[in-house]
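Chain residues, written in single-letter form:
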Amino acid sequence: DLDTAISLDPDKAELYLVKGRLLRMKANYEESVSILKMARSLGREDEELHKEMALCYLALKEVDKAAEHYKFAIEDEIYPELAYDYATVLMWLGKVDEAVPYLDYTLEHEPNHWEALLERAEALSQLQNFDEAFADLEKAGELQPNHAEIWLKRAEVYAKMENWQLVEKACERALEQDYRL
């Protein structure tokens, strides 16, 4: 039992990390953060701990704190999925310029990551770089040809360009893919 192991070795940060992860998986986010802070106070400062804390803070809708922990995690070790997660949080915070390099990193290592393509298309369209945004949407569409979200994202980009005819067509295509929209 994990609680027994912690009581026998209360200075072992790894045990607190495991317990914090289990609590997060049971959707007990506040207690998980508390336990993960114990692991941190015992000297655990790595990508794994900060990613767990970021996930908890996201679940608690504390996006600023989640971004802070993703940043710590990336400083320790970067890999495509972590870069994508961090970029997504930066986008939620409106930090588009900061998000793009992490989306670029993700796509350099996983060029068929269609969700990263969608996220980067959104970022590029916010930066008024419509040609590159459409290139990403084209590639995402090739990877997921029947995904309504891609057509909705196209509609959003067309709306930013104020091309209302294409907005309507893209919305129609999205509805063809998923009538529940």
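Thresholds, definitions, all that
- Residues numbered from 1 in each chain as written.
- Predicted model: local features only at pLDDT ≥ 70, side-chain atom pairs only at ≥ 80, totals over all residues.
- Heavy atoms only, no water.
- Helix = DSSP H or I, 4+ residues; strand = E, 2+ residues; numbered from the N terminus.
- Rg over C-alpha atoms; globule rule 2.2 N^0.38 Å.
- Buried < 20%, exposed > 50% of the residue type's maximum accessible area, 1.4 Å probe, protein only.
- Salt bridge = Lys/Arg side-chain N within 4 Å of Asp/Glu carboxyl O.
- Patch = residues over 30% accessible without salt bridge, like charges linked within 9 Å, V, L, I, M, F, W, Y side chains within 5 Å.
- Areas by Shrake-Rupley, 256 points an atom, 1.4 Å probe, with all protein chains shown as cover.
- Lys, Arg positive; Asp, Glu negative; His and termini not counted.
- Charge placed at Lys NZ, Arg CZ, Asp CG, Glu CD.

Asks: How would you explain the overall build of the chain if you had to name every residue and give the values?
Replies: Along the chain, the regular secondary structure elements total 11 helices and 0 strands. In the chain, the succession of helices and strands from N to C terminus is α-α-α-α-α-α-α-α-α-α-α. Radius of gyration (C-alpha) of the chain: 20 Å, far over the 16 Å computed for a compact globule of 181 residues. Dimensions of the chain, computed from C-alpha atoms along their principal axes, come out at roughly 65 × 35 × 25 Å. In the chain, buried positions account for 43% of the 181 residues.

Asks: Go over the pattern of salt bridges with me, naming the residues and quoting the values.
Replies: One pass over the full model with this rule turns up 15 salt bridges. Two residues, Glu 45 and Arg 40, come together in a salt bridge whose shortest N-O distance is 2.7 Å. Relative accessible area serves as the criterion here: at 25%, Arg 40 is assigned to the partly exposed category. The residue Glu 122 makes a salt bridge to Lys 160 at a minimum N-O spacing of 3.0 Å. Here the residue Glu 122 occupies a position in helix H8 (residues 114-126), and Lys 160 occupies one in helix H10 (residues 148-160), the gap between them amounting to 38 residues. What makes Glu 122 buried here is its relative accessible area of 11%. Through salt bridges that share partners, Glu 14, Arg 21, Arg 24, Arg 44, Asp 46, Glu 48 and Glu 52 make up one connected network.

Asks: Go over a negative patch on the surface, please, and point to the residues and values.
Replies: Among the surface-exposed residues, Glu 81, Glu 110, Glu 115 and Glu 149 lie close enough to one another that they form a single negatively charged patch. Of note, Glu 115 is situated in helix H8. For Glu 115, a relative accessible area of 37% corresponds to the partly exposed category.

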